[in-house]
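Architecture and fold: a report
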Amino acid sequence: MWSFIHKLGSPPWFFRFSGSLVRWLLPLTLALLVVGAVWGLLVAPADFRQGNSYRIIYIHVPSAVVALAGYYVMALAGAISLIWRIKMADIAMKAAAPVGAALTAVALMTGAIWGKPTWGTWWVWDARITSMLILLFLYLGVVALFEAYDNKAAAARACAVLSLVGTVNIPIIYKSVDWWYSLHQPASIKFTGESAIDVSMLYPLLLMITAFYGLFTAAVLMNMRSDLIWHHRDAAWVRQWTGLK
Amino acid sequence: MSLLVATDVAVERGDRPLLRDISLRVEAGELWQLTGPNGVGKSSLMRALAGLARLGVTGDIYRNTAGLYIGHSSALKRALTPIDNLRNHPACDVQADNDQIAMALRSVKLGGYESVPVGALSAGQQRRVALARLLLSQASLWFLDEPFTALDIAGCEWLERHIAGHLESGGAVLFTSHQPSRFGAEQRNLDLAGYASV
Amino acid sequence: MPVSDAPSITLFEAFFRQFVRHGKALIASPADLMNPLLFFFMVVTLFPIGLGPDPGRLSQMAPGILWVVALLASLMVSGKLFASDFEDGSLEQLCLAPHPLAILALAEVLAHWLGTGLLLALMSPFFAVLVGLPMQALPVLVVSLLLGSLCLTLIGAVGSALTVSIRRGGLLLSLIIMPLHVPVLIFGSAAVVEATRGGNTLSWLALLAALVLLSLALAPLAIGAALRISLDNG
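Residues numbered from 1 in each chain as written. Chains lettered and ligands numbered in written order. Predicted model: local features only at pLDDT ≥ 70, side-chain atom pairs only at ≥ 80, totals over all residues. Heavy atoms only, no water.

Bringing the confidence of the model for chain C into the picture now. Residues and elements named next belong to chain C. Per-chain confidence: chain C averages 92 in pLDDT, with 97% of residues scoring 70 or above. Helix H4 (residues 83–88) is the least confidently modelled element of chain C, averaging 91 in pLDDT, while helix H8 (residues 138–163) averages 97, the highest of any element. Confidence estimates for the predicted assembly give a pTM of 0.90 and an ipTM of 0.91. (pLDDT = per-residue confidence, 0-100. Helix = DSSP H or I, 4+ residues; strand = E, 2+ residues; numbered from the N terminus.)

What follows is the structure, encoded as structure tokens:
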């Protein structure tokens, strides 16, 4: 197993491995997305109180969940890069940041779309949405910090430090915002014990969450691949790969 | 035991490789000058050998004794007096008391200036305050990047004398300079032009 | 003869000397001490002008106004924290010192806090009068700002250490640390709001104190790492 992890650090090996991974992951993810979207947006029953407008949660909740998980993935990659000086972890961290930021933005926009018919305004400062907004700033900070550094190796280290600092703070931020104002519905999915939402709405939601995780992974891998190709554009293995194409 | 051992050191700046395959052994009493054209990487190598740069430096560098680095910047706070600056120097290697510091300042011909804020001194005088640390530190390895800059003739003579004295008491000095070699045969040269990465 | 390699001064001594060095430099430029206070004064004045002079509404918003302005003042001074050390070469020397950079940097941050955050917290009652904060909330205001400004200075120092090698990094600094300041703002202003209602402020202040302890423990590590990274960039 260690030799597998060791091989992941080699750009040409990782490129081939990720290529075969994405080749089936991307179609599978897209298929899951289509099935989940159709199921949630069209097939699942309407909500008792909110009617059909609740359906946006099939996009809002998965994007929010994966956006938060993505920050931890980014910080973990940064930690690996800082501690073991593995360049591939740097590349993974750089690849995850814009994807996570985009997902956070999607979560915020779909949250606003949900809010308008439900509460009457495009924006409501409830705990969850506010925490999402702060998460967006955390992501943007990492992206901006990377762009601002001239020396890109130092930039990766700086972003790793920043992501780790953010990681420590995220639970504190979430809890403090929670105590500040709780208006948003309490968490309606519990993986242990009874769920508060009906099974017919839960299953498509879980499917969409899985699909979004797949989407995140595929997007990060594709980002990493293009980053590797650009950085090693003069190397023999890249010339060979593009030549074949 | 050598004071400094460097093996297969490569230095890059940004993403550009500067130097490679540098190996160096510095013994007690040796004087080394790093020479080469502008931009070849003298300062970068000096910083790497002193332990400052870590990113972009590969190879093994072992310093077996305490080092002292004086670079282009003087590391002096303009609002503080020379005595305050030296006593509270950020390198934390000044153990002397105020009298010893005052004596060191007299040695660099800044006798009456103990209580004058450094910002009021000329560039040459500030340089001399920075160099006064050589008298106050116990470090054996000196890394001096262009130490003769901004010094007048008397200042240069002072520095040469103290470098010689340091070598005699078993220390070692590495320096760079744009001015012609002044130490004659005792000095060893490391010409970096031969190690430049293309 | 070459001498021993033991650090020539103890860690405590080195910490104290760096503290004194920055303390003296701060005192020697009174502008750096007065600027945050003047900023606080100016911006607090803007709120009644913008919101209208109705005393009821003002005193209701006073805790939030005072805390937000304190946060902005802290952002303003954070940018200067390691800048002069970076420019004059002191940072290089600090990295070469035989003591942990985290501890030496902490000395600088604490000296900086005494001259900025502490001063602001002690002067805050004067500004509280301008926005009509009820008198009974003043002690809690001062305590919350004392604890909170220390947190804000420590977090701001992390941001400053990360951005010191970037030209015009001031806005980037604010972007980076603004999310991290949110819990401090929430707990601090909640404490003052509770004080105006005569409720239990102890739990909010205890949370603030917990943030202070967490920052004191973890921020220096991040600051030390970030300073070395910044040196590698410049």
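The subject of this paragraph is the interface of chain B and chain C. Between chain B and chain C, the contact holds 35 residues from the first and 33 residues from the second. When the two sides are added together, the surface that chain B and chain C hide from each other amounts to roughly 2800 Å², 52% of it contributed by carbon and sulfur. At the surface where chain B touches chain C, the tally comes to four salt bridges. For Asp 88 of chain C, the salt bridge is made with Lys 77 of chain B, and the minimal N-O distance between the two is 3.0 Å. At the surface where chain B touches chain C, the tally comes to twelve residue pairs in polar contact (both at pLDDT 80 or more). Mapped by element, the contributors of at least two residues to the side of chain B that touches chain C are helix H1 (42–50), strand S5 (67–70) and helix H2 (82–87) of chain B. Top contributing element to the side of chain B that touches chain C by residue count: H2 of chain B, with three residues. Across the side of chain B that touches chain C, the residue classes tally to 15 nonpolar, 13 polar and seven charged. (Contact = heavy atoms within 4.5 Å. Buried area = accessible area lost by both parts, 1.4 Å probe. Salt bridge = Lys/Arg side-chain N within 4 Å of Asp/Glu carboxyl O. Polar contact = N/O pair within 3.5 Å; in protein donor to acceptor, adjacent residues only side chain to side chain. Nonpolar A, V, L, I, M, F, W, Y, C, P; charged D, E, K, R; others polar.)

With that out of the way, let us pick up a nonpolar patch on the surface. All names here are of chain A. Taken together, the side chains of Val 34, Val 35, Val 38, Trp 39, Leu 41, Leu 42, Val 43, Val 199 and Tyr 203 define a hydrophobic patch exposed on the protein surface, amounting to about 840 Å² of accessible area. Residue assignment for the nonpolar patch shows that the elements contributing at least two residues are helix H2 (11–43) and helix H7 (199–231). Among the elements that take part in the nonpolar patch, H2 stands out by supplying seven residues, more than any other. Secondary-structure assignment places Leu 41 in helix H2. (Patch = residues over 30% accessible without salt bridge, like charges linked within 9 Å, V, L, I, M, F, W, Y side chains within 5 Å. Areas by Shrake-Rupley, 256 points an atom, 1.4 Å probe, with all protein chains shown as cover.)

To continue, consider the packing of helix H2 (residues 30–51) of chain C against helix H7 (residues 117–130) of chain C. Residue and element names in this part refer to chain C. H7 packs onto H2 with a crossing angle of 25° between their chain directions and a minimal axis gap of 11 Å. As judged from the angle between their axes, H2 and H7 are roughly parallel. H7 is crossed by H2, and the crossing has right-handed handedness. Of the residues in H7, those touching H2 at Leu 33, Pro 36, Leu 37, Phe 40, Phe 41, Val 44, Thr 45 and Pro 48 are Leu 119, Leu 120, Met 123, Phe 127 and Leu 130. In the contact of H2 with H7, the residues fall into twelve nonpolar, one polar and no charged. (Axes fitted to C-alpha atoms, helices over the stretch in contact; angles between N-to-C directions. Parallel < 35°, antiparallel > 145°, perpendicular 65-115°, else oblique. Left-handed = near helix turned anticlockwise from the far one by under 90°.)

Taken together, the contact between chain A and chain C spans 26 residues of the former and 27 residues of the latter. Our enumeration of links across chain A and chain C arrives at one salt bridge. Of the charged contacts in the structure, one is a salt bridge between Asp 150 of chain A and Arg 167 of chain C, with a shortest N-O distance of 3.6 Å. At the surface where chain A touches chain C, the tally comes to five residue pairs in polar contact (both at pLDDT 80 or more).

Here we come to the packing of aromatic side chains. By convention here, two paired aromatic rings are described through the distance between centres and the angle between planes. In total, this model carries eleven aromatic pairs over all chains according to the counting rule given. Here the aromatic rings of Phe 4 of chain A and Phe 17 of chain A are separated by 5.4 Å at their centres, their planes lie at 80°, and the arrangement is edge-to-face. Taken together, the residues span a long stretch of sequence, with Phe 4 of chain A in helix H1 (residues 2–8) and Phe 17 of chain A in helix H2 at a distance of 13 residues. Summarising the aromatic geometry, the rings of Phe 148 of chain B and Phe 175 of chain B are spaced 6.2 Å apart at their centres and angled 75° between planes, so their arrangement reads as edge-to-face. Taken together, the positions of Phe 148 of chain B in the loop between strand S6 (141–145) and helix H5 (153–168) and Phe 175 of chain B in strand S7 (residues 172–176) put the pair 27 residues apart, joining distant regions of the chain. With respect to class, Phe 148 of chain B is no different from Phe 175 of chain B; both count as buried. (Phe/Tyr/Trp six-rings, centres within 6.5 Å; stacked < 30°, edge-to-face > 60°. Buried < 20%, exposed > 50% of the residue type's maximum accessible area, 1.4 Å probe, protein only.)

A word on the sheet that holds strand S2 (residues 16–26) of chain B. In a beta sheet, neighbouring strands are held together by backbone hydrogen bonds and run either parallel or antiparallel to one another. Residue and element names in this part refer to chain B. On the basis of which strands lie adjacent, the open sheet formed by three strands has the order S2-S1-S4 and antiparallel pairing. Whereas interior strands pair on both sides, the edge strands pair on one side only; in this sheet they are S2 and strand S4 (57–63). Within this sheet the neighbouring strands show an average axis-to-axis angle of 20°, counted without direction. In this sheet, S2 lies alongside strand S1 (residues 4–13) in antiparallel orientation, the contact comprising seven bridges. Across the sheet, the residue bridging to Arg 13 is Arg 16, located in S2. (Pairing = 2+ DSSP bridges.)

On to unusual backbone geometry. The phi angle of most residues is negative, glycine excepted, and most peptide bonds adopt the trans form. Residue and element names in this part refer to chain B. Of note in this structure, Ala 75 is not a glycine but carries a positive phi near 55°. Relative to the helices and strands, Ala 75 is located in the loop between S5 and H2. Judged by its relative accessible area of 0%, Ala 75 falls in the buried class. The phi torsion at Cys 92 lies on the positive side, around 55°, for a residue other than glycine. Structurally, Cys 92 can be placed in the loop between H2 and helix H3 (98–107). Classification of Cys 92 as buried rests on a relative accessible area of 3%.

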